[in-house]
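Here are the chains, one letter per residue:
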Amino acid sequence: VYPGSIVSVSTILTDIEDNSVVKVDFSLPEKYTSLIKPGSKHRFTIASDDKTYSTTVIATAASVNESTRTLQVRATTRNDDGRLLPGQSARLTLALMSTGDAITVPSNVLMPTSQGYSVYVSRNNKVQAIPVETGLRGSGSVQITNGLHEGDTIIASNLLRLGPGSPIQFVTLK
């Protein structure tokens, strides 16, 4: 608008935005829909800085999107310093499940048996097959819920050459 221009009711002079609270919208695979509830807290980062922000889920869609098989989720975060801008992309870290002190092993060390799985462990320089119960699986690791203890030495190579009771010796490669 310039001095002397006629201003009517429909003339936009400026935009006024309140960015003190920013909405964070994201899609969640249907596999995890039962784990996200309003009030749950999660973390995210943005590309323009290294700070980690906290966000709280305020709502979820009533149904899963049939074409993408995802659930729309809306969370909000305080933006007191004004560093977050509407439209920015965010990288979320979702706290889906927490198991405290979980023991995880590479998925390739699991040996299938008729009762489930076992893992080769070194005890007194001999191989022992320890039956284990598995929990959550990641892309290359498996949670062990029962059978192993903290400090156990898992054997991860030459598995086809080993058998229970086989003597072993660890070496360090340079």
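Model, not experiment: these values are computed from the prediction.

Engineer: Help me understand the pattern of salt bridges, please; the structure alone is not making it clear to me.
Structural biologist: As a working rule, side chains carrying opposite charge can pair if their charged atoms are close by. A full pass over the atoms with the stated rule returns six salt bridges. Two residues, R74 and D25, come together in a salt bridge whose shortest N-O distance is 2.7 Å. Of this pair, R74 sits in strand β4 (residues 70-78) while D25 sits in strand β1 (residues 21-29); the two residues are 49 residues apart in sequence, bridging distant segments of the chain. Residue D25 is classed as partly exposed on the basis of its relative accessible area, which comes to 43%. A salt bridge links D81 to K51; the nearest nitrogen and oxygen atoms lie 3.7 Å apart. Placement of the pair is D81 in the loop between β4 and β5 (90-93) and K51 in the loop between β2 (41-46) and β3 (53-60), with a sequence separation of 30 residues. According to the relative accessible area criterion, D81 is partly exposed, its value standing at 44%.

Engineer: Would you explain the sheet that holds β4 in this entry?
Structural biologist: Note on sheets: strands pair through backbone hydrogen bonds, and any given pair is parallel or antiparallel. Spatial ordering of the open sheet is given by β1-β4-β3-β2-β5, a layout of five strands whose pairing is antiparallel. On the outer flanks of this sheet lie β1 and β5, each paired with one strand and no other. The mean inter-strand angle of the sheet, taken between neighbouring strand axes irrespective of direction, is 40°. As paired strands, β3 and β4 are joined by four bridges and run antiparallel to one another. Looking across to β4, one finds that T56 is bridged to T76.

Engineer: Any chance you could explain unusual backbone geometry here in plain terms?
Structural biologist: For residues other than glycine, phi is negative in most cases, and the peptide bonds are mostly trans. Its identity as a non-glycine residue notwithstanding, N124 has a phi of 55°, on the positive side. For N125, which is not glycine, the phi dihedral falls at a positive 60°. Note on placement: N125 falls in the loop between β8 (116-123) and β9 (126-137).

Engineer: Looking at this structure, how should I read a nonpolar patch on the surface?
Structural biologist: A surface patch of nonpolar side chains, amounting to about 300 Å² of accessible area, comprises V1, V7 and L13. Note that L13 resides in the segment before β1. Judged by relative accessible area, which is 60%, L13 ranks as exposed.

Parameters at a glance
The residue numbering used here restarts from 1 in each chain and proceeds along that chain's sequence as written. A pLDDT threshold of at least 70 governs which residues receive local features in this predicted model, and a stricter bar of 80 or more applies before side-chain atom pairs are shown or counted, although totals over entire chains, interfaces and linings include all residues. As a convention, hydrogens and water are excluded, and side-chain values are obtained from all of the structure's heavy atoms. Salt bridges, as used here, are contacts in which a Lys or Arg side-chain nitrogen is within 4 Å of a carboxyl oxygen on Asp or Glu. Starting at the N terminus, helices and strands are each numbered in turn, a helix being any DSSP run of H or I of at least four residues and a strand any DSSP run of E of at least two. Each residue's exposure class comes from its accessible area (1.4 Å probe, protein chains only) as a fraction of the maximum for that residue type: buried when under 20%, exposed when over 50%, partly exposed otherwise. The criterion for strand pairing is that DSSP finds at least two bridges linking the strands in question. Between the N-to-C directions of two axes lies an angle of 0 to 180 degrees, each axis being a line fitted to C-alpha atoms and, for a helix, fitted only over the stretch in contact. A residue counts toward a patch only above 30% relative accessible area and without a salt bridge, and it is joined to like-charged neighbours within 9 Å or, for Val, Leu, Ile, Met, Phe, Trp and Tyr, to nonpolar neighbours within 5 Å. The accessible surface values rely on the Shrake-Rupley method and a 1.4 Å probe; as for residues, cover is taken only from the protein chains in view.

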